[in-house]
Amino acid sequence: MAEKTLETLFHDTLRDIYFAERKILKALPKMARGAQSPDLKAAFEKHKEQTEGQIERLQRVFEIIGKPARGKTCDAIEGILAEGDEILEDYKDTAALDAGLIASAQAVEHYEITRYGTLKRWATVLGMADAAALLDATLTEESDTDESLTALADASVNAKAMTPKK
Ligand SMILES: [Fe+2]
Ligand SMILES: [Fe+2]
């Protein structure tokens, strides 16, 4: 078996998050359509735009390491997104839907934060400052998204979820 090093791990993990981002890009419009609060809808739409840019950043990182941009199935994101679909179905037309959608979206953000945090560290120790900067830019967007979802939940969504619709 070929020797595996931190470079191997970096490449594999890059493929994992590349797969995940493209799945997330497809899931966000569905979440935006499902959201009841206009602010939450807007937050999902904004993050969809950001996700397009994040995918481009990943493609640039693939270029830096001289590998084709190719994803690798990420079971974790498939599971997290499947749970989000369950919320959309099980809480359809209920007061708690938006609070559930925020929780699902934050699970996605936290998955991304762990991946980008690791990749950024590895890029740094591997001496790839440009890649580290690209990964850091996305890490900041994911953290900001997570925080604005918490703010939305605190400002209105959780309170609304406590009052039955009918
Ligand atoms: Fe992302
Ligand atoms: Fe994200």
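Residues numbered from 1 in each chain as written. Chains lettered and ligands numbered in written order. Predicted model: local features only at pLDDT ≥ 70, side-chain atom pairs only at ≥ 80, totals over all residues. Heavy atoms only, no water.

A. Representation of the overall build of the protein chain in the model. The secondary structure content of the protein chain amounts to five helices and zero strands. The order of helices and strands in the protein chain, counted from the N terminus, is α-α-α-α-α. Evaluated residue by residue, the protein chain yields a buried proportion of 42% over its 166 residues. Only carbon and sulfur atoms are counted for the fraction: they give 51% of the accessible area of the protein chain, which is about 9100 Å². Computed over 22 positive and 30 negative side-chain charges, the separation of the two mean positions in the protein chain equals 4 Å. (Helix = DSSP H or I, 4+ residues; strand = E, 2+ residues; numbered from the N terminus. Buried < 20%, exposed > 50% of the residue type's maximum accessible area, 1.4 Å probe, protein only. Areas by Shrake-Rupley, 256 points an atom, 1.4 Å probe, with all protein chains shown as cover. Lys, Arg positive; Asp, Glu negative; His and termini not counted. Charge placed at Lys NZ, Arg CZ, Asp CG, Glu CD.)

B. Seen up close, the coordination of the iron ion (ligand 1). Protein coordination at the iron ion (ligand 1) comes from E21 (OE), E21 (OE), Q54 (OE1), E112 (OE) and E142 (OE), with a distance range of 1.9 to 2.4 Å. The sequence pattern formed by the donor residues of the iron ion (ligand 1) is E-x32-Q-x57-E-x29-E. Between the iron ion (ligand 1) and the iron ion (ligand 2), both coordinated by E112, there is a metal-metal distance of 3.2 Å. With E112 in helix α4 (residues 97-125) and E142 in helix α5 (residues 129-161), the pair connects residues that are 30 residues apart, well separated along the chain. Exposure class is identical for E112 and E142. Each is buried. (Donors = N, O, S within 2.8 Å, 3.2 Å for Na, K, Ca; no water.)

C. Inspection of the nonpolar core at higher detail. Ranked by internal contacts, the top residues of the largest apolar core, which has 45 residues, are F10, L40, F44, I77, L101 and L135. Listed by contribution, the elements that provide at least two residues to this core are α1 (6-34), α2 (38-65), α3 (75-90), α4 and α5. Dropping the residues within four chain positions of it, F10 is found in contact with V61, I65, L119, W122, A123, L126, M128 and L135. (Core = buried A, V, L, I, M, F, W, Y, C linked by side-chain atoms within 4.5 Å. Contact = heavy atoms within 4.5 Å.)

D. View of the coordination of the iron ion (ligand 2). For the iron ion (ligand 2), the full set of protein donor atoms is H47 (NE2), E109 (OE), E109 (OE), E112 (OE) and E142 (OE), and the range of their distances to it is 2.0 to 2.6 Å. All donor residues of the iron ion (ligand 2) come from one chain, and their arrangement in sequence is H-x61-E-x2-E-x29-E.

E. Representation of unusual backbone geometry in the model. Although it is not a glycine, D93 sits at a positive phi angle of roughly 60°. Following the sequence through the fold, D93 ends up in the loop between α3 and α4.

F. Main features of α1. The terminal C-alpha atoms of α1, which comprises 29 residues, lie 41 Å apart, in line with the 42 Å expected from a rise of 1.5 Å per residue. The largest bend along α1 reaches roughly 30° and is located at A27, with the proline P29 sitting one to four residues downstream. (Expected span 1.5 Å × (residues − 1). Bend = angle between axes of the 7 residues up to and from the residue.)

G. Spotlight on α5. Spanning 33 residues, α5 covers 45 Å between terminal C-alpha atoms, matching the ideal 48 Å at 1.5 Å per step. Taking the largest bend as the criterion, α5 deviates by roughly 55°, centred on D154.

H. Layout of the pattern of salt bridges. The full count for this structure, using the stated rule, is seven salt bridges. R57 is the partner of E141 in a salt bridge, and the nearest nitrogen-oxygen pair spans 3.1 Å. Of the two residues, E141 is situated in helix α5 and R57 in helix α2; the sequence distance between them amounts to 84 residues. Judged by its relative accessible area of 18%, R57 falls in the buried class. (Salt bridge = Lys/Arg side-chain N within 4 Å of Asp/Glu carboxyl O.)

I. The packing of aromatic side chains, seen in detail. Following the criterion strictly, the structure yields one aromatic pair and no others. Their ring planes at 75° and their centres at 5.3 Å tell us that Y18 and F62 sit as a pair that is edge-to-face. Here Y18, found in helix α1, pairs with F62, found in helix α2; they are 44 residues apart in sequence, far enough to count as distant. Taken as a pair, Y18 and F62 share a single burial class, namely buried. (Phe/Tyr/Trp six-rings, centres within 6.5 Å; stacked < 30°, edge-to-face > 60°.)

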